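Summary of the model geometry
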Amino acid sequence: MRFLMYVVAALLPFLLKGYVSWLIGLALIYATISISWAILENEGRVSMGHSFVVGSSAYLSAITYLLFNSLAAGFLISIPLSAILFYILKRTTGKTAFVFATFTLSLLSYVIAPYIVIGERGGEEGFFILHDLPSLLFSSFSFVASAIVFESFLKSKLGYFARAIKSDELASRAVGIEVEKVKLTTSVISSAIGSFAGLSLALYFSHVSPEIFSLEVSVFPFISYVVTGGRKEYIAFTSIVLFLISSYLNALLTGAHLLLYAMLLIFSPKIGGWVYAKGQERLKV
Amino acid sequence: MALTFLENFFIFSVFASLISFNFRIGKFLNLSLYSAFSVGAYLVYFFGELSVILAFLLSFLIAYPLFLIKERICRGVMDATIVSLGYGIAIEEILRIGVQKGYYYVVSEGVRALPEVFIASYLLLIGFYLSPHGIRLKFIEEDEELARMCGVNSAAYGFASIFIATFFAILLGVVSSEGAAIHPRIGLSYMLAGILIAAIATIKRSVGERNLVNITAVSLAASMFLEVFV
């Protein structure tokens, strides 16, 4: 059923017209970012720096396009770069410190990005990518492909191993799960999907700027997860709805959507606690 | 050049010491401090020298709700840190929606007291650690739960740490915004520098006033690095 819903969501921008079509296309990219984030969460790692994965892919693609007329080169570099960085962070930090470390990484990239200048391009303005590729088709395809990978991952042996690591890493090692291998693989899958989202964003706007590393992009998947009530299999759909609501609020009053994000972040422990209590209730039944 | 070096040193060391103090006593990484800095920058633009007094009142208004939310709904360091990020974004957006009518405000005449704020913050923190409260603070730093069991009012110290951090972050915004084009995210890069410096200083695993000395040394190195390479 969910597969069908993913396909319907991906087809929507082609069935609709004008601004709504464009907006849903953008929502699909944000949903892809959330899927990438949820793969890490499945292993118990809350990333507050997913804008790094997305931004580095978009930036590197734009730079290689500028220098070598190749989008793929930058995109392909960004996958191992993000995967290795996240894997190193997983190895060197615990679950709580991982939140701080990823947040600092995204903040660092946000501060450094305006200083990236190649020739006379870049800086605060960013880079332009003049192309005639079908960006909407690319975004929709990336979304469906990511969603299928995500669903398969959740039901695969790797997905169950990751969930076991989330529950108890030591016990997982004791029963023979190759914890490091799982950590590395989830990092690679998450980075690959995040990099697709970054490239989609760059193509969608034909432009990348330091704003791609902003806090907004970093906190969006976490907020979507909070809204799902902890049921990560629905994160793609809640991301689409949340993005559309955010866009509506932003149109009513610039920045109002960030107030909504802020409120959801502030009350996230309460919402999380409620979800936990409901889960316990379900278990009793 | 030398002025920039000194300015960076003062801002980095104060910000890092506040982040570290808040983390060790309040038991969370207070990510709303960048917004407190921005509040200070707007205060000095609108109220000039009166902003120092207003900073005190505003820091209470900002710190107390954050403390209450942290105490009532957060279950640990991670929850409280995420809540503080949301709190920071909320303040930032309130500033953006409520204050920003033009594009940028430029502070033409600020309050020039950055060295004084540096001295005052360090005197207060070191005085706190060397006073009879110091032993309780170090106890909380090392094991908050045990400290609470032994009768130390860790919640009161936690609030004090949030209040002091917020107050000095606002003051930093007040005294370091002269000539700057202010916007609601003006404090973000300083907070980032503060987090990195506080994290590096923690490597030596010192507690209390010794950690503050480490932070000063790392801030000095960071300012020199920026002076030479950037």
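Note: the structure precedes this text.
Residues numbered from 1 in each chain as written. Chains lettered and ligands numbered in written order. Predicted model: local features only at pLDDT ≥ 70, side-chain atom pairs only at ≥ 80, totals over all residues. Heavy atoms only, no water.

1. With respect to the nonpolar core
Judged by nonpolar contacts, the single largest core of 158 residues is most densely connected at Met48(A), Phe143(A), Leu265(A), Leu85(B) and Met191(B). Ranked by the residues each element gives to this core, the list is headed by helix 8 (residues 154-175) of chain B, at 14 residues. In this structure, Leu265(A) is in contact with Met48(A), Val219(A), Phe222(A), Ile223(A), Ile82(B), Val83(B), Leu85(B), Gly86(B) and Ile89(B), ignoring residues within four places of it in sequence. Core analysis: the second largest hydrophobic core is formed by 8 residues, Phe52(A), Leu89(A), Ala101(A) and Leu105(A) among them. (Core = buried A, V, L, I, M, F, W, Y, C linked by side-chain atoms within 4.5 Å. Buried < 20%, exposed > 50% of the residue type's maximum accessible area, 1.4 Å probe, protein only. Helix = DSSP H or I, 4+ residues; strand = E, 2+ residues; numbered from the N terminus. Contact = heavy atoms within 4.5 Å.)

2. Considerations on the pattern of salt bridges
Residue and element names in this part refer to chain A. The final tally for this structure, using the stated rule, is 19 salt bridges over all chains. As a salt-bridge pair, Glu169 and Arg173 come within 3.0 Å of each other at their nearest N and O atoms. Of this pair, Glu169 and Arg173 both sit in helix 8 (residues 169-174), 4 residues apart, which is roughly one turn of the helix. Judged by its relative accessible area of 39%, Arg173 falls in the partly exposed class. One salt bridge connects Glu178 with Lys181, and the closest N-O pair in it is separated by 3.8 Å. Residue classification places Lys181 among the exposed residues on the basis of a relative accessible area of 54%. (Salt bridge = Lys/Arg side-chain N within 4 Å of Asp/Glu carboxyl O.)

3. Digging into the side chain of Asn211(B)
Residues and elements named next belong to chain B. Along the chain, Asn211 turns up in helix 10 (residues 209-229). Residue classification places Asn211 among the buried positions, given a relative accessible area of 3%. Polar side-chain contacts of Asn211 include one of 3.4 Å to the side chain of Arg24. If sequence neighbours within four positions are ignored, Asn211 has contacts with Ser20, Arg24, Ala201 and Ser206. (Polar contact = N/O pair within 3.5 Å; in protein donor to acceptor, adjacent residues only side chain to side chain.)

4. Things to note about the interface of chain A and chain B
Every contact between the two is made by 33 residues of chain A and, on the other side, 29 residues of chain B. Overall, the association of chain A and chain B removes approximately 2,500 Å² of surface from exposure, summing both partners, and the carbon and sulfur fraction of that is 85%. Interface area lost by chain A to chain B is led by Phe100(A), Ile266(A) and Pro269(A), which between them contribute 23%. Taken together, the links from chain A to chain B amount to 0 salt bridges. (Buried area = accessible area lost by both parts, 1.4 Å probe.)

5. Considerations on the layout of surface pockets
Taken as a whole, the largest pocket encloses approximately 2,000 Å³ of empty space. In terms of lining residues, the largest pocket is bounded by 50 residues, among which Val111(A), Tyr115(A), His183(B), Arg185(B) and Ser189(B) are the most central. Going through the elements one at a time, helix 5 (95-112) and helix 12 (256-266) of chain A together with helix 1 (2-26), helix 4 (77-98), helix 9 (188-201) and helix 10 of chain B are the ones with two or more residues in the lining of the largest pocket. Broken down by element, the lining of the largest pocket gets its largest block of residues, 8 residues, from helix 9 of chain B. Here the residues of the lining of the largest pocket sort into 32 nonpolar, 10 polar and 8 charged. (1 Å grid on protein atoms, 1.4 Å probe; cavity = no way out; pocket = protein on both sides within 12 Å on 5 of 7 lines; lining within 4 Å. Points joined across faces, edges and corners; volume = space filled by probe spheres on them. Nonpolar A, V, L, I, M, F, W, Y, C, P; charged D, E, K, R; others polar.)

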